Amino acid sequence: MMEKAVLLSIQPKWCELIASGEKTIEVRKTMPKIHTPFKVYIYCTKDEPLYDSGEKFWCKVAGEFGNGKVIGEFICRGMMVPHNSLKLMSEQSCVSESELLEYSKGKTLYGWRISDLVIYDAPKKLSQFKKFGFMTEEDWLAALYPNTHCHYEAWAKKFTITRSPQSWCYVVELEEKYD
């Protein structure tokens, strides 16, 4: 069976801090309903103005611009909840305590622990990923009546990721054949 993983959208400035090893926690308001450890793919959002000057920030990793692509992956081995460790979450996420409090709006924050980081030699396209629930044609045929296989392509197309998630989404863990 295919493994469930997560595709996580991250702004370019944070991607570079993750790639450099400075940022070891990614903070979110939600966490997946999946047991740790699990694989997380890092999608670098498209370029956005960094300051009011209109300057663009580009995520440059592995000698390529990664904006709008999946630049790497990591294993999330656990979640940090700030309770009495807001300072530690701040230090490991590279986000100030006041920014964390503002972002949380009084709700619980989850610090996704980044470990076993891999930055790809060449960023991957979103189209290489499938939403979780995708089955190979062989699995699909085994689950249906023998004469319905002609609809597989249309069915499989529904699982192709065509745009980035707002925050994160479940995906099928990549296999070697997708590389």
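Residues numbered from 1 in each chain as written. Predicted model: local features only at pLDDT ≥ 70, side-chain atom pairs only at ≥ 80, totals over all residues. Heavy atoms only, no water.

1. Some points on the overall build of the chain
- When you go through the chain residue by residue, the secondary structure sums to 5 helices and 8 strands.
- Reading the chain from its N end, one meets helices and strands in the order β-α-β-β-β-β-β-α-α-β-α-α-β.
- For the chain, the residues scored as buried account for 42% of the 179 residues in total.
- In the chain, 79% of the contacts between residues at least 6 apart in sequence involve partners at least 24 apart.
- Approximately 10700 Å² of the chain is accessible, and the part contributed by carbon and sulfur atoms is 51%. (Helix = DSSP H or I, 4+ residues; strand = E, 2+ residues; numbered from the N terminus. Buried < 20%, exposed > 50% of the residue type's maximum accessible area, 1.4 Å probe, protein only. Contact = heavy atoms within 4.5 Å. Areas by Shrake-Rupley, 256 points an atom, 1.4 Å probe, with all protein chains shown as cover.)

2. Overview of the side chain of Ser-90
- Residue placement: Ser-90 occurs in helix H2 (residues 86-93).
- Judged by its relative accessible area of 12%, Ser-90 is buried.
- Within the local environment of Ser-90, its side chain forms a polar contact with the backbone nitrogen of Glu-97, the two atoms lying 3.4 Å apart.
- Other than its neighbours up to four places away in sequence, Ser-90 contacts Val-95, Ser-96, Glu-97 and Leu-100. (Polar contact = N/O pair within 3.5 Å; in protein donor to acceptor, adjacent residues only side chain to side chain.)

3. Remarks on the packing of H2 against helix H3 (residues 97-104)
- For the pair H2 and H3, the least separation of the axes is 9 Å and the interaxial angle reads 100 degrees. The angle between H2 and H3 places the two elements in the roughly perpendicular class. Side by side, H2 and H3 meet where Leu-86, Lys-87, Met-89, Ser-90 and Ser-93 of the first sit next to Glu-97, Leu-100 and Leu-101 of the second. (Axes fitted to C-alpha atoms, helices over the stretch in contact; angles between N-to-C directions. Parallel < 35°, antiparallel > 145°, perpendicular 65-115°, else oblique.)

4. Brief notes about the packing of aromatic side chains
- Under the definition given, this model contains 4 aromatic pairs.
- Judged by centre distance (4.9 Å) and plane angle (65 degrees), the ring pair of Tyr-41 and Phe-129 falls under edge-to-face. Of this pair, Tyr-41 sits in strand S3 (residues 38-44) while Phe-129 sits in the loop between strand S7 (110-124) and helix H4 (137-143), and the two are 88 residues apart along the sequence.
- Between the aromatic rings of Trp-112 and Trp-168, the centroid separation amounts to 5.9 Å while the plane-to-plane angle is 65 degrees, which identifies the pairing as edge-to-face. With Trp-112 in strand S7 and Trp-168 in strand S8 (residues 168-172), this pair connects stretches of sequence that are 56 residues apart. The residues Trp-112 and Trp-168 share a single accessibility class, namely buried.
- Clustering of aromatic rings is evident, with ring pairs tying together Phe-38, Trp-112, Trp-168 and Tyr-170.
- Directly above the aromatic system of Tyr-170 lies the positively charged group of Lys-4, at a separation of 4.3 Å from the ring centroid.
- Just above the ring of Trp-14 sits the side chain of Lys-23; from NZ or CZ to the centre is 4.8 Å. (Phe/Tyr/Trp six-rings, centres within 6.5 Å; stacked < 30°, edge-to-face > 60°. Lys NZ or Arg CZ within 6 Å of the ring centre and 35° of its normal.)

5. Some remarks on the side chain of Arg-28
- Position of Arg-28 among the secondary structure elements: in strand S2 (residues 25-28).
- In terms of polar contacts, Arg-28 uses its side chain to reach the side chain of Glu-26, at 2.9 Å.
- Sequence-distant contacts of Arg-28, defined by excluding residues within four places in its chain, comprise Leu-8, Ser-9, Ile-10, Tyr-103, Leu-109, Tyr-110, Trp-112 and Ser-167.

Taken by themselves, the reported measurements are silent on function.
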